[in-house]
Amino acid sequence: MASYSTNEFRGGLKVMMDGDPCSIIENEFVKPGKGQAFNRVKIRNLKTGRVLEKTFKSGESLEGADVIDISMQYLYDDGEFYHFMVPDTFEQYPADRNSVGDANIWLKAQDMYEVTLYNGAPLAITPPNFVELTIVETDPGLRGDTAQGGTKPAKLESGAVVKVPLFLEIGETVRVDTRSGDYMSRVKG
Amino acid sequence: MVKKIRAFFDARDYLEVDTPLLGVSTNTDIHIQSIRASACNQPLYLQTSPEFAMKRLLVEGSGSIYQICHAFRDEEKGRTHHPEFTLLEWYSLNFDYVALMDQMEQLIGELFESSLPFTRISYFECFQRYLGLDLHTAALDQFRDQVTQHITGIDVLQLSRADCMDLLISQMIGKQFSGFTFIYDYPAEQASLARIKQSNPLVAERFELFYGEMELANGFSELTHASEQRARFERDNQTRTENGLNSYPVDEDFLQALEQGLPDCAGVALGLDRLLMVLLELNAMSAVLVLDTQQLPLRP
């Protein structure tokens, strides 16, 4: 793996720090005109998801991390692993519960997800920002109540429970923001 | 902005000059890296500031001069840095650094079309007031403790006293400033090309102007001693070699000129890209540049 010097740090670069793969979020170059230069770096530990702030003397370097993001299709859950596949090559990757984390509530067979591979094994799963899923469980719709804007919980086919407007029924498809878990709109089949 | 700058200096009878951007020698400052160029098979350097060339003109009897030019510094890019940037540099004959600070206030007042408040605080006082550190007596460990307290995620054992001072002034003390602030009387170790103060040999007659935490300008009462200047260049080059940096050829023409006698003067370099950021209330230098090398792709 190549190593990267502080002046090559930029958002999205994957590097090794303290033995863990990390992704650089922000790199600010600070230097008094006639003084030592430093880089103040915001960096996310890809294993723990924690964001750290680090200060480097300019010119220091970090090893690159063997981390790549690949778009994969979700296949099934065998109870221990979630299985993903690269559609072009049919290569399959089992992702353990830890790596999938909170993303599991958005997984729906056949849909595409961003899988982060570290040394060839899934490290994290990122769902698309917006997904369309069908309601499988909710209280009966209350017509005539549409103007009031009340909400009720609805369980989606992937397992996520989101708040939806009162008029929606089982079997209808909704568009949801996976980052906030908010209902966005109804999708007309 | 440039028109107003010219009007300001023209009204005071300063001569506008234009010095070469390519030189056979360059600045030896250990924290400033020059960009190498080559022409006609000769190694050359893009100038990191027009300082040496302008001082040679002063020796030749130019009188007070100013210049608006591009300057180049390698390995500097970020929100407020760019390897190519624009400087306004000027020298006022028979000025010392205090008179020069006054003159800068006038210039900036004219550019902003209002009389803005300026604060002045000495380098020593900065550390005393904001960190409770006595620069002259504090031990390296005390500096490192302050860095640990105020700066996140850094291995302090690798930091020298000078590193700690640079970090604290730019990352902690500077953040307390609002509006225009002059820091003056820099420690003698950071004299650069400034004269040492006669009444206090621990400090140099050097100042910097900040807007908020952003450094805008650096000025001094100019060092006129050729032999002391040569010693400083050679010390820089020695430190450069010890730190694994290229050492640079010393500018002999400049030193020769100094030997003939640089008239008493004070000079300052003001970063125009940053000043424009302040004028237009922009947050990043990329907004005032036409071509931003930040946008160049990462090496494969």
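Shown above is the structure to which this text applies.
Given the structure is predicted, the values throughout are model-derived calculations rather than measurements.

S.K.: Looking at this structure, how should I read the interface of chain A and chain B?
M.R.: Interface size is often expressed as the accessible area that is lost when the parts come together. Contacts between chain A and chain B engage 21 residues on the former and 30 residues on the latter. When the buried surface of chain A facing chain B is broken down by residue, A:Arg10, A:Phe29 and A:Lys34 rank first, second and third, together holding 29% of it. Remark: the boundary between chain A and chain B carries 3 salt bridges. In this structure, B:Glu76 and A:Lys31 form a salt bridge, with 3.6 Å as the shortest nitrogen-oxygen distance. The tally of links from chain A across to chain B stands at 12 residue pairs in polar contact (both at pLDDT 80 or more). Among the secondary structure elements, those contributing two or more residues to the side of chain A that touches chain B are strand E3 (20–30), strand E4 (38–45) and strand E5 (51–57) of chain A. For the side of chain A that touches chain B, the element with the highest residue contribution is E5(A), accounting for 4 residues. Grouping the amino acids of the side of chain A that touches chain B by side-chain chemistry returns 5 nonpolar, 6 polar and 10 charged.

S.K.: Just checking my understanding: could you explain the packing of helix H2 (residues 51–59) of chain B against helix H8 (residues 252–261) of chain B for this structure?
M.R.: In a packed pair of helices, the relevant descriptors are the angle between the two axes and the axis-to-axis distance. Residues and elements named next belong to chain B. Two elements in contact, H2 and H8, have axes separated by 9 Å at closest approach and are oriented at 30°. Relative to H8, the element H2 is oriented roughly parallel. When the axes of H2 and H8 are compared, the crossing they make is left-handed. Every residue of H8 that contacts H2 at Phe 52, Lys 55, Arg 56 and Val 59 is listed here: Asp 253, Phe 254, Ala 257, Leu 258, Gln 260 and Gly 261. Broken down by class, the residue content of the contact of H2 with H8 amounts to 5 nonpolar, 2 polar and 3 charged.

S.K.: In this structure, what is going on with the sheet that holds strand E16 (residues 182–187) of chain A? I would like to understand it.
M.R.: Backbone hydrogen bonds are what pair the strands of a sheet, in a parallel or an antiparallel way. Residue and element names in this part refer to chain A. Reading across the sheet, the 5 strands line up as E14-E13-E12-E15-E16 and stay open at both edges, with antiparallel pairing between neighbours. Across the chains shown, the open sheet's two edge strands, defined by having one partner strand only, are strand E14 (161–165) and E16. Ignoring which end each strand starts from, the neighbouring axes of this sheet average 55° apart. Of the pairings in the sheet, the one linking strand E13 (residues 151–156) to E14 comprises 5 bridges and is antiparallel in character. Pairing of Pro 153 across the sheet is with Lys 163, part of E14.

S.K.: How do you make sense of the state of the cysteines when you look at a structure like this?
M.R.: What is meant by a disulfide is a covalent connection between two cysteines, made through their sulfur atoms. Per the stated rule, a full pass over the model turns up 0 disulfides over all chains. Unpaired in terms of disulfides, B:Cys126 finds its nearest cysteine sulfur in B:Cys164, a separation of 16 Å.

S.K.: How should the packing of aromatic side chains be read in this particular structure?
M.R.: The geometry of two aromatic rings is summed up by the distance between their centres and the angle between their planes. All names here are of chain B. Using the criterion set out here, one finds 23 aromatic pairs over all chains in the structure. For the pair Phe 9 and Tyr 14, a centre-to-centre distance of 5.3 Å together with 55° between the ring planes defines the contact as tilted. The burial state of Phe 9 is the same as that of Tyr 14; both residues are buried. Here the aromatic rings of Phe 52 and Phe 233 are separated by 5.5 Å at their centres, their planes lie at 70°, and the arrangement is edge-to-face. Pair noted here: Phe 52 is in helix H2 and Phe 233 is in helix H7 (residues 226–242), with a separation of 181 residues, a long-range link. Take Phe 233: its relative accessible area is 2%, and that puts it in the buried class. By way of ring pairs, the aromatic residues Phe 112, Phe 118, Phe 180, Phe 182, Phe 207 and Tyr 211 are connected into one cluster. Against the face of Phe 8 rests Arg 12, its NZ or CZ located 3.6 Å from the ring centre. Here the guanidinium or amino end of Arg 206 rests over the ring plane of Tyr 186, the centre of that ring lying 4.2 Å away.

S.K.: Can you walk me through the environment of B:Asn41 in this structure?
M.R.: All names here are of chain B. When you line up the elements, Asn 41 lands in the loop between strand E3 (35–39) and strand E4 (42–46). Here Asn 41 falls in the exposed class, since its relative accessible area comes to 82%. Separated by 225 residues in sequence, Asn 41 and Ala 266 place their C-alpha atoms 37 Å apart.

S.K.: So what exactly am I meant to see when it comes to unusual backbone geometry here?
M.R.: A negative phi holds for most residues other than glycine; trans holds for most peptide bonds. Even without glycine at this site, A:Gln110 takes up a positive phi of about 85°. Note on placement: A:Gln110 falls in the loop between helix H1 (97–100) and strand E10 (112–118). The phi torsion at B:Asp13 lies on the positive side, around 65°, for a residue other than glycine. Among the secondary structure elements, B:Asp13 is positioned in the loop between helix H1 (2–11) and strand E1 (15–16).

S.K.: Is there a simple way to think about the environment of A:Glu60 in this case?
M.R.: All names here are of chain A. Mapped onto the elements, Glu 60 comes out in the loop between E5 and strand E6 (61–63). Judged by relative accessible area, which is 28%, Glu 60 ranks as partly exposed. Residues Glu 60 and Leu 46, 14 residues apart in the sequence, show an inter-C-alpha distance of 21 Å. A distance of 2.8 Å separates the side chain of Glu 60 from the backbone nitrogen of Lys 57, its partner in a polar contact.

Procedures and definitions
Residues numbered from 1 in each chain as written. Chains lettered and ligands numbered in written order. Predicted model: local features only at pLDDT ≥ 70, side-chain atom pairs only at ≥ 80, totals over all residues. Heavy atoms only, no water. Contact = heavy atoms within 4.5 Å. Buried area = accessible area lost by both parts, 1.4 Å probe. Salt bridge = Lys/Arg side-chain N within 4 Å of Asp/Glu carboxyl O. Polar contact = N/O pair within 3.5 Å; in protein donor to acceptor, adjacent residues only side chain to side chain. Helix = DSSP H or I, 4+ residues; strand = E, 2+ residues; numbered from the N terminus. Nonpolar A, V, L, I, M, F, W, Y, C, P; charged D, E, K, R; others polar. Axes fitted to C-alpha atoms, helices over the stretch in contact; angles between N-to-C directions. Parallel < 35°, antiparallel > 145°, perpendicular 65-115°, else oblique. Left-handed = near helix turned anticlockwise from the far one by under 90°. Pairing = 2+ DSSP bridges. Disulfide = S-S within 2.5 Å. Phe/Tyr/Trp six-rings, centres within 6.5 Å; stacked < 30°, edge-to-face > 60°. Buried < 20%, exposed > 50% of the residue type's maximum accessible area, 1.4 Å probe, protein only. Lys NZ or Arg CZ within 6 Å of the ring centre and 35° of its normal.

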